[in-house]
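Read off the chains here:
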Amino acid sequence: MKASTQTCDEFIAHLREGDGLTQTVKDHLIQTAELSEFFGAAVGMPLGGRLVGLCHDLGKYSCAFQTYIREATGQMGVEGKVRAEEKRGKIDHATAGAQLIWDRLGGSKLGRALAQMLSVSVMSHHARKGMKDFVALDGSSPFINRAKSPREKTHFNEVLSKGDCALLSEIEELLKSNELLAEFRTAASRIEKAVILPIPRSFHYGALTRFLFSCLLDADRLNTADFEKPKSASFRTIWRPPDWTSLAKKLDTHLSSLSARNNVDLLRNQISNECLSAAAKPRGIFTLTVPTGGGKTLASLRFALNHAAIHSNRENQERIERIIFVIPYTSIIDQNARVVRSILGEEVVLEHHSNIVPETDTWRNRVLSENWDAPIIFTTSVQLLNALFDKSTNSTRRMHQLANAIIIFDEIQTLPIKTIHIFNNSVNFLVNLCHSTVVFCTATQPLIGEVEPTLGAAAIGMGSEIVEDATSLFKKLKRTSIIDQRRPGGWTFQEVSAFTLDQLAAHRSVLIVVNTKEAALQIYQQFHGLEGTAVIHLSTHMCPAHRKAKLNQINECLRLEDGQPVICVSTQLIEAGVDLDFGCVIRSLAGLDSIAQAGGRCNRNGNRACGPIHIVNLSEEKISMLPEIRQAQECTETVLDNFRKNPMGMDDDLLSPAGIRQYYEYHFFQRASEMTYPLKAQTKEPQIAADTSMLHLLSENPVGAEEYGRQRPLDEETLTLRHAFSTAAQSFKVIDAPTRGIVVPYGKEGQAIIGELAAAFTSEDYPLDKQIPLLRRAQQFTVNVFPGTITKLNSNNAIREVQAGSGIYYLDDRHYHKDLGVTHEALSDLQFYDT
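Here the structure is a predicted model, which means the values were calculated and not measured. What you see as residue numbers is a count from 1 along each chain, following the sequence as written. Residues qualify for local features only when their pLDDT is at least 70, as the model is predicted, and side-chain atom pairs are given and counted only at 80 or more; totals for whole chains, interfaces and linings, by contrast, use all residues. Where side-chain values are given, they derive from all heavy atoms of the structure, hydrogens and water being excluded.

Quick look at the overall build of the chain
Here a strand is any run of E in DSSP of at least two residues, a helix any run of H or I of at least four, and the numbering for each starts at the N terminus. Each helix and strand counted, the chain has 33 helices and 22 strands in total. Against the globule reference of 28 Å for 835 residues, the chain gives a C-alpha radius of gyration of 28 Å, in line with a compact fold. For the C-alpha atoms alone, the extent of the chain along its principal axes is close to 85 × 60 × 55 Å. Only protein chains enter the accessibility calculation, which uses a 1.4 Å probe; a residue is then buried when its area is under 20% of its type maximum, exposed when over 50%, and partly exposed in between. Split into buried and exposed, the 835 residues of the chain put 57% on the buried side. We call two residues contacting when some pair of their heavy atoms lies within 4.5 Å. Considering only residue pairs separated by 6 or more positions, the chain has 75% of its internal contacts joining residues 24 or more positions apart. Carbon and sulfur atoms make up 51% of the accessible area of the chain, which totals about 34100 Å². This count recognises Lys and Arg as positive and Asp and Glu as negative, with His and chain-terminal groups excluded. Charge coordinates come from a single atom per side chain, which is NZ of Lys, CZ of Arg, CG of Asp or CD of Glu. Once the 89 positive and 96 negative side-chain charges of the chain are each reduced to a mean point, those two points are 1 Å apart. A radius of gyration in this sense is built from C-alpha atoms; the matching globule rule multiplies 2.2 Å by the number of residues raised to 0.38. Method for areas: the Shrake-Rupley scheme with a 1.4 Å probe, in which residue coverage is limited to the protein chains shown.

Some words on helix 22 (residues 493-507)
Helices are assigned an expected span. That span is 1.5 Å times one less than the residue count. In a regular helix each residue adds 1.5 Å, so 15 residues correspond to 21 Å; helix 22 covers 20 Å between its end C-alpha atoms and thus fits that length. Every buried residue of helix 22 is accounted for by Phe493, Val496, Ser497, Phe499, Thr500, Gln503 and Leu504. The buried residues of helix 22 occupy an angular sector of 160° when the element is viewed end-on, so they sit on one face. Exposed side of helix 22, more than 90 degrees from the buried face: Gln494, Asp502, Ala505 and Ala506 are the residues found there. Positive backbone phi, approximately 70°, marks Arg508, located one or two places after helix 22. Regarding the arc, it is the one traced by the directions from the helix axis to the C-beta atoms.

Considering the packing of aromatic side chains
Ring pairs are drawn from Phe, Tyr and Trp, using the six-membered ring of Trp, whenever the two centres fall within 6.5 Å, and their geometry is named by plane angle: stacked under 30 degrees, edge-to-face over 60, tilted for the rest. Taken as a whole and judged by the stated rule, the model has 19 aromatic pairs. Ring plane angle 70° and centroid distance 5.3 Å describe the contact between Phe134 and Phe725, whose orientation is recorded as edge-to-face. Residue Phe134 is found in the loop between helix 6 (109-123) and helix 7 (142-147), and its partner Phe725 is found in helix 30 (residues 725-731); the two are separated by 591 residues along the sequence. Across the pair, Phe725 and Phe134 agree in class, each one buried. What links up through ring pairs into an aromatic cluster is the set Trp102, Phe134, Phe143 and Phe725. The criterion for a charge sitting over a ring is simple: Lys NZ or Arg CZ within 6 Å of the ring centre, and within 35 degrees of the ring normal. Above the plane of the ring of Trp102 lies Arg112, whose end atom (NZ or CZ) is 4.1 Å from the centre. Across from the ring centre of Trp491, 3.5 Å away, lies the NZ or CZ of Arg487, which sits over that ring.

Re the pattern of salt bridges
Take a side-chain nitrogen of Lys or Arg and a carboxyl oxygen of Asp or Glu: if they are within 4 Å of each other, that pair is a salt bridge. For the structure shown, the criterion picks out 40 salt bridges. Asp819 is paired through a salt bridge with Lys550; the nearest N and O atoms lie 2.9 Å apart. On the criterion of sequence distance, the pair formed by Asp819 in the loop between strand 21 (816-817) and strand 22 (821-822) and Lys550 in helix 24 (residues 544-559) is long-range, its members being 269 residues apart. The class for Lys550 is buried, based on a relative accessible area of 10%. A cluster of three or more residues bridged by salt bridges with shared partners is formed by Asp484, Arg486, Arg630, Glu634, Glu637, Asp641 and Arg644.

Some points on the sheet that holds strand 6 (residues 376-380)
We call two strands paired when DSSP finds no fewer than two bridges between them. With respect to topology, six strands assemble into an open sheet ordered 3-8-7-4-6-5, the strand pairing being parallel. On the outer flanks of this sheet lie strand 3 (285-289) and strand 5 (349-352), each paired with one strand and no other. Across this sheet, the average inter-strand angle for adjacent strands is 20°, counted without regard to direction. Summarising the sheet, strand 4 (residues 322-327) and strand 7 (residues 405-410) pair through five bridges and their orientation is parallel. Bridge pairing in strand 7 places Ile324 opposite Ile407. Only the stretch in contact is used when a helix axis is fitted, and all axes are lines through C-alpha atoms; the angle between N-to-C directions ranges over 0 to 180 degrees.

Quick look at the pairing of strand 17 (residues 740-743)
Strand direction decides the pairing type here: strand 17 and strand 18 (residues 782-785), joined by four bridges, are antiparallel. When the sheet's bridge partners are listed, Ile742 is paired in strand 18 with Val783. Relative to strand 20 (residues 809-811), strand 17 runs parallel, the two sharing two bridges. Bridging across to strand 20, Val743 finds its partner in Tyr810.

Focus: the packing of helix 1 (residues 25-40) against helix 2 (residues 46-55)
Describing two packed helices takes the angle between their axes plus the distance from one axis to the other. Closest axis-to-axis distance for the helix 1/helix 2 pair is 7 Å, and the angle between their directions is 155°. In terms of their interaxial angle, helix 1 and helix 2 are classed as roughly antiparallel. In the packing of helix 1 onto helix 2, the handedness of the crossing is right-handed. Here Leu29, Ile30, Thr32, Ala33, Glu34, Ser36, Glu37 and Gly40 of helix 1 lie close against helix 2, whose contacting residues are Pro46, Gly49, Arg50, Val52, Gly53 and Leu54. Classifying every residue of the contact of helix 1 with helix 2 gives six nonpolar, five polar and three charged. Here roughly perpendicular refers to angles of 65 to 115 degrees, roughly parallel to angles under 35, roughly antiparallel to angles over 145, and oblique to all remaining angles. We call a crossing left-handed when the near helix sits turned anticlockwise from the far one by less than a right angle, and right-handed when that turn is clockwise. Just so you know the grouping, Ala, Val, Leu, Ile, Met, Phe, Trp, Tyr, Cys and Pro go in nonpolar, Asp, Glu, Lys and Arg go in charged, and all remaining residues, Gly too, go in polar.

Focus: the state of the cysteines
Disulfides are defined as pairs of cysteine sulfur atoms found within 2.5 Å of each other. Within the structure shown, the criterion is met by zero disulfides. Looking at Cys434, it has no disulfide partner, and the nearest cysteine sulfur is the one in Cys215, 8.9 Å off.

Considering the nonpolar core
Counting 220 residues, the largest nonpolar core has Leu58, Ile171, Leu208, Leu305, Leu344 and Phe440 as the members making the most contacts within it. Discounting chain neighbours no more than four positions away, the residues touching Leu58 are Leu29, His93, Gly97, Leu100, Val159, Leu167, Leu168 and Ile171. The criterion is simple. A nonpolar core is a set of buried Ala, Val, Leu, Ile, Met, Phe, Trp, Tyr and Cys residues joined through side-chain atoms within 4.5 Å. If you look at the next biggest cluster of nonpolar residues, it comprises 21 residues, including Val514, Ile523, Ile586 and Leu618.

Overview of the pairing of strand 12 (residues 566-570)
Here strand 12 lies mainly inside the structure; five of its five residues are buried. Neither face of strand 12 is open: one carries Val566, Cys568 and Ser570, the other Ile567 and Val569, and all of them are buried. Looking at chain direction, strand 11 (residues 534-538) and strand 12 are connected through five bridges and run parallel. Each residue of the ladder has a partner; that of Ala534, found in strand 12, is Val566. The handedness of a crossover follows from its direction of travel: if, with the strands pointing away from the viewer, the path from the first strand over the helix to the second runs clockwise, the crossover is right-handed. The parallel pair strand 11 and strand 12, bridged by helix 24, forms a crossover whose chirality is right-handed.

Examining unusual backbone geometry
A negative phi angle characterises most non-glycine residues, just as the trans form characterises most peptide bonds. Look at the link from Glu685 to Pro686: it is a cis peptide, with omega at -5°. Tracing the sequence through the fold places Pro686 in the loop between strand 15 (678-679) and strand 16 (692-693). At Tyr677, a position not held by glycine, the phi torsion is positive, near 60°. Its location among the elements puts Tyr677 in the loop between helix 27 (657-670) and strand 15. In this structure Tyr677 comes out as buried when scored by relative accessible area, which is 5%. Of note in this structure, Asn797 is not a glycine but carries a positive phi near 55°. Within the element layout of this structure, Asn797 appears in the loop between helix 33 (787-795) and strand 19 (799-801).

Focus on the environment of Arg261
Along the polypeptide, Arg261 turns up in the loop between helix 13 (244-256) and helix 14 (263-278). For Arg261, a relative accessible area of 63% gives the class exposed. Expressed as a C-alpha distance, the spacing of Arg261 and Asp819, which sit 558 residues apart in the sequence, is 36 Å. Here a polar contact is recorded for every N or O atom pair within 3.5 Å, except that within protein the pair must consist of a potential hydrogen donor and a potential acceptor, and residues adjacent in sequence are included only if both atoms are side-chain atoms. Within polar-contact distance, the side chain of Arg261 engages the side chain of Asp265 at 2.7 Å.

A few points about the sheet that holds strand 13 (residues 584-588)
Pairing in this open sheet of six strands is parallel, and the strands run 9-14-13-10-12-11 from one edge to the other. Strands with a single pairing partner mark the edges of an open sheet, and in this sheet they are strand 9 (480-484) and strand 11. Each strand of the sheet is rotated relative to its neighbour by a mean of 15°, with strand direction disregarded. Bridge count for strand 9 against strand 14 (residues 611-616) is five bridges, and the pairing is parallel. Bridge assignment links Asp484 to a residue of strand 14, and that residue is Ile615. Contacting strand 10 (509-513), strand 11 and strand 12, helix 24 crosses the sheet at an angle of about 150° to strand 11.

Note that every value here comes from positions in space, so none of it alone points to a role or purpose.
Below, the structure is given as structure tokens:
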């Protein structure tokens, strides 16, 4: 990194604390442009990437900004720092470069579209609400308003007169070059060829715009971070492509060392070998439909490593840069990443999620998590969807890392229904323009390739299934049998508990899975006083560290043949990826996909002839406020009724691919109207002027476009693209629930962390760089609770802030139970189970 000693007439972009070295505006722009050019090449637009890098901070060539930065860095004394604080965020240094692109580039419709895409990236690179709307729902154009800002305010003419001559000359040459427009023409032709339907096609142009925005954001942040903390640059793998062949050999060595203990292991080997065979297929979208317990984590890794090695070594193909595992639950990322890390090595695996454990919370991990800069990444569905749609620049900067990648979506059936069309269009974009391969893994494959095509269906073609005969595989791996135990009027909690004891006598271990925390608690209470049996309760009212300890306790009971009998009462949190092997499962009526996942915890390793999965309808389980669960129940009941009449229509197995397909045909048809991510008009932030959807905002934006056209004379300048990026980004939430995280006093470590947080946020001397790892440690002892619970806890004075204004809350130890987690009542008031 080039750093110069300050002179009185140089233009400063950044000043490094400690040694006082400065980075000039010219150096920052050129170095950012080099990175952005490299990132933009992934979609065939390196010159577009370079141009936005060169232009993004041109406004720093103004006296106003130079005065501000000297004040902010203490060069003008204490009074200067005070003045700088008042100016923070008020000196526009992003618009001048955007105006230069908007003024110079264009002419043709294609050129104006490119000008929009590049200039909106530049003007928005410090925006807190995402990229500017080209057209808002009320017909206004925040983009045009910004592009036409008064030149005095944006320092446009001053920048052109004071900016580095060679730098400005390069920008002008790029803006005039035929190559810049030619590379966009090629990208556009790829879109037009791959996508013929209007909404998905328009969505692709919007996704390309966000991709270029991501290139700029990441390049800018990386260059700044590596100047300010040069040590962080040593961790980067940007210029060091992975050796996929060597990594694939490491995995094969590990797999060859495993001996097949039973028929289940032999079938897992078969699945793994089919994944190896499929690795040579062309890049695209694949499905991996494997029964629960089929070993799909290592099998999909085998596919990915060999697919990466094969396609990175082929001529005229872009290298595969990374493999990304996308997993819905933080509770299972840790175990999967730990397994892969033990096989392939610590240095190639990166975890990025909220509940990362202290031993992997290294500075390296934190640095590389900022932009997913590692060969193999484990992250959550929330983080992935945020990279594609969220307003945060921290999330958006990661989007470009999804290019030249193999992205494995584990448990794809957990994809929120509302996101299906925007997700499908995004996946198609990653495959069509970004040279990526996508794999949908699950035992219950949803029909996301068969939803309404005019709105966006995943482009899953013939021959996309990695396992050639999934129906036969499910028959061979059948280890459970569903028993429909529904009753007219349903089961009471007391009746289910009595039934559980009968099953315990036969199987020694029983898992009960219900739909609500309250139902789990009520059933758990029924076993109070039961002797000689471990009775364990699991719910999201327990912090991750607590749940992990309970799961370890269950495993201890299950792994020994003469171990203590065990009953586990749990909410759905146990259903995906938790490696447990119960003798029997009782499942409250739910979606067939959820029932299949619960069944995956039964006879998991095939050590019994067959494990029963009893479906019961609980009369006392309150789900009136949970419409998604109720709808899923209705669809499952229809399938159960159909199965009674014609079991062979589902290959004599409710959980066969045919049974799951029938369930999704009902389920998806019933909820098709929800798949566009509908948005209602509202006056609160973000203001939405009319009913619309995320899908429409990110594509043709018909409501805004119509109003935009109505407000303008025919001869007025019009926009080629009409996307409402900011409105969409502000509206996007993967999880709608307005929960609040509370740090809980679980065990000695939880209590100690609360004490450390109090010390950290009450002391002015506590180093800021130590607060971040402390907050990450606290995630293992944090419970996310709903507003109703917050209200009840507040009424009992059970929640306190570690320091006024910190926004970090902790729970009084009288409200955290060793078996229940967070409780509304104080422990002394509970009517069951001593603490």
